Amino acid sequence: MFPMNTPPPPVGVPPAAVPAIPNFQCPARPNHGSEGRHILLRANHFQVRMPKGVIHHYDISISPDKCPRRVNREIIETMVLSYSQKIFAGQKPVFDGRKNLYSRDPLPIGREKVELEVTLPGEGKDRVFKVAIKWVAQVSLFALEEALEGRTHQIPFEAIQALDVVMRHLPSMTYTPVGRSFFSPPVDYDHPLGGGREVWFGFHQSVRPSQWKMMLNIDVSATAFYKSQPVIEFMCEVLDIQNIQEQRRPLTDSQRVKFTKEIKGLKVEITHCGTMKRKYRVCNVTRRPAQTQSFPLQLESGQTVECTVAKYFLERYKMKLQFPHLPCLQVGQEQKHTYLPLEVCNIVGGQRCIKKLTDMQTSTMIKATARSAPDREREINNLVRKADFNRDPHLQLFGVSVNYRMTDVQGRVLAPPKIQYGGRVS
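In this report, we go over the structure that sits alongside the text. (Residues numbered from 1 in each chain as written. Predicted model: local features only at pLDDT ≥ 70, side-chain atom pairs only at ≥ 80, totals over all residues. Heavy atoms only, no water.)

Things to note about the sheet that holds strand β5 (residues 100–103)
Consideration 1: One open sheet holds the five strands; their spatial order is β4-β5-β3-β7-β6, and the pairing between them is antiparallel. Every other strand in the sheet has two partners, leaving β4 (94–95) and β6 (114–120) as the edge strands with one partner each.
Consideration 2: Here seven bridges tie β6 to strand β7 (residues 127–140), and the two strands are oriented antiparallel to one another. Each residue of the ladder has a partner; that of Leu116, found in β7, is Val131.
Consideration 3: Packing of helix α1 (residues 69–82) onto the sheet brings it into contact with β3 (54–63), β4, β5, β6 and β7, and relative to β6 it is tilted by some 105°. (Pairing = 2+ DSSP bridges. Helix = DSSP H or I, 4+ residues; strand = E, 2+ residues; numbered from the N terminus. Contact = heavy atoms within 4.5 Å. Axes fitted to C-alpha atoms, helices over the stretch in contact; angles between N-to-C directions.)

Quick look at the structure:
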């Protein structure tokens, strides 16, 4: 039997970059145990039925690079739709968000590198990307089948990686991926952690080789996300302000430092431009309030004058600030002097909290996620039904299907050991 905790190589690393894996000889099982009382157990592993033949592997290079995986997936999805007739007719390739793309049948581009232009619509202006595709290799699923059935002792990790990308493609587009887990915003539950954070529940998913068959490991998971809410409310949670209407003075230095520490690096979206919800990343919080914080404003005549944020919003948007005594968020690049009043900003949803939780938040998280074995089994089964893998058009095209029943395994309850203490055995 293959070791169940052997991970596939990192998804997104080209095969050439993956170090050579030495041949691993599985030691033969010496015997089958017989001690103890036999019981039936259910494992949160679901059998995956694999296709025959080969999968075609392509290397992807996106320029400009260093985009988040979410944007890379959006680029590739747009590319497949834009060139559906010319290149991807009838194909539903899967992508790992970095470098690797797999298709069930070969694409009509041969083995030469092909460059395609992809345009993503933007809020201000469209963004244009160059995508280079190059054939890398055929991934043999026969080699994986041979290994699973014990006819060869070398595990073809490239085939496991390809299947893993196939299984994760649609969930990565549908949910918020974090590591090997997928999360979605709270529905029908509410687990606030305080400080503008809340618990999101999701599921962990990975493809694993086992004896005779491939398995899909599914488990419940939870992590902390920032709540999608107005920045004013976020500030109140962070600073323990019960009623914002009673906060009629500017923040103290200690309050501002604490607030800056929590909001710096987060994405916010503006609310004062109608349907255009432009997003920015916070780089700082101003020392001065909106009524005195100024910036260089260029007039139509070409002259540059100093203008306060409060005055600018009054003249430009006919908006009198409710909280001119509160600081502004500085967004984008620091040298560009882009300031936004707190009251026109919302925290963008779906941002995972990577900062350390407080002891109280950790305790709340543990209480919210504690589950008995029957409850955990029920939740995992609900997750599998909700994911509905067999309706995934990508899995259908690749010929992959999942058995929605947990795997039954035989277990044994061993007698408790005897303890010798002070010359007496109990």
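Some thoughts on the sheet that holds strand β14 (residues 279–289)
Sheets are built from strands paired through backbone hydrogen bonds, the pairs being either parallel or antiparallel.
Consideration 1: Taken in spatial order, the five strands make up an open sheet running β18-β17-β14-β13-β19, and their pairing is antiparallel. Looking along the sheet, the strands with just one partner apiece sit at the ends: β18 (338–341) and β19 (345–347). Averaged over neighbouring strand pairs, the angle between their axes works out to 50° when direction is ignored.
Consideration 2: Bridge count for strand β17 (residues 327–331) against β18 is four bridges, and the pairing is antiparallel. When the sheet's bridge partners are listed, Gln330 is paired in β18 with Tyr339.
Consideration 3: Contacts from helix α4 (residues 231–239) reach β13 (267–270), β17 and β19, with the element oriented near 60° to β19.
Consideration 4: Helix α5 (residues 253–263) rests against β14, β17 and β19 of the sheet, and its axis sits at about 175° to β14.

Focus on helix α3 (residues 157–174)
Consideration 1: Between its first and last C-alpha atoms α3 spans 26 Å; for 18 residues at 1.5 Å apiece the expected length is 26 Å, and the two agree.
Consideration 2: Its axis deflected by about 40° at Arg168, α3 carries its strongest bend there, up to four residues before the proline Pro171.
Consideration 3: With respect to burial, α3 is a largely interior element, 14 of its 18 residues being buried. (Expected span 1.5 Å × (residues − 1). Bend = angle between axes of the 7 residues up to and from the residue. Buried < 20%, exposed > 50% of the residue type's maximum accessible area, 1.4 Å probe, protein only.)

Considerations on α4
Consideration 1: Taken across its nine residues, α4 has seven buried, putting it largely inside the fold.
Consideration 2: Within α4, the full set of buried residues consists of Val231, Ile232, Phe234, Met235, Cys236, Val238 and Leu239.
Consideration 3: Buried-residue contacts for α4 involve β12 (214–226), α5, β13, β17 and β19.
Consideration 4: A positive phi of about 55° marks Asp240, the residue just after α4.

Here's the deal with the pattern of salt bridges
Consideration 1: Scanning the entire structure with this criterion turns up 16 salt bridges.
Consideration 2: Residue Lys130 pairs with Glu117 through a salt bridge whose shortest N-O separation is 3.1 Å. Residue Lys130 is located in strand β7, and its partner Glu117 is located in strand β6; the two are separated by 13 residues in the primary sequence.
Consideration 3: A relative accessible area of 44% places Glu117 in the partly exposed class.
Consideration 4: Glu269 is the salt-bridge partner of Lys279, the closest N and O atoms lying 3.8 Å from each other. (Salt bridge = Lys/Arg side-chain N within 4 Å of Asp/Glu carboxyl O.)

Topic: the nonpolar core
Consideration 1: With 45 residues, the main nonpolar core has Val231, Met235, Phe259, Ile263, Val268 and Leu329 as its most contacted residues.
Consideration 2: Among the elements that make up this core, the one with the highest residue count is α4 (seven residues).
Consideration 3: Excluding anything up to four places from it in sequence, Val268 contacts Val231, Arg278, Lys279, Tyr280, Val282, Leu329, Val331, Cys345, Asn346, Ile347 and Val348. (Core = buried A, V, L, I, M, F, W, Y, C linked by side-chain atoms within 4.5 Å.)

Focus: the pairing of strand β2 (residues 45–49)
On any regular strand, side chains alternate: one points to one face of the sheet, the next to the other face.
Consideration 1: In the sheet, β2 pairs with β12 via four bridges, with the strands oriented antiparallel. By the bridge assignment, Phe46 is partnered in β12 with Leu216.
Consideration 2: Here two bridges tie β2 to strand β20 (residues 401–402), and the two strands are oriented antiparallel to one another. If you follow Val48 over to β20, its bridge partner there is Val402.

Some details on the environment of Phe183
Consideration 1: With respect to the helices and strands, Phe183 occurs in strand β9 (residues 181–183).
Consideration 2: Sequence separation of Phe183 and Val199 is 16 residues, and the distance between their C-alpha atoms is 10 Å.
Consideration 3: Beyond its immediate chain neighbours, meaning those up to four positions away, Phe183 contacts Tyr175, Thr176, Val178, Trp200, Phe201, Gly202, Ser221, Ala222, Thr223 and Phe225.

Considering unusual backbone geometry
Consideration 1: Each neighbour pair has its own omega, and for Ser63 with Pro64 the value is -5°, a cis peptide bond.
Consideration 2: The residue Pro64 is located in the loop between β3 and α1 in this model.
Consideration 3: In this structure, Lys66 is a non-glycine residue whose phi angle is positive, near 65°.
Consideration 4: Within the secondary structure layout, Lys66 lies in the loop between β3 and α1.
Consideration 5: Accessibility expressed as a relative area gives 80% for Lys66, which makes it exposed.
Consideration 6: With a phi close to 50°, Asp388 is a non-glycine residue in the positive phi region.
Consideration 7: Look at Asp388 and you get partly exposed, because its relative accessible area is 25%.

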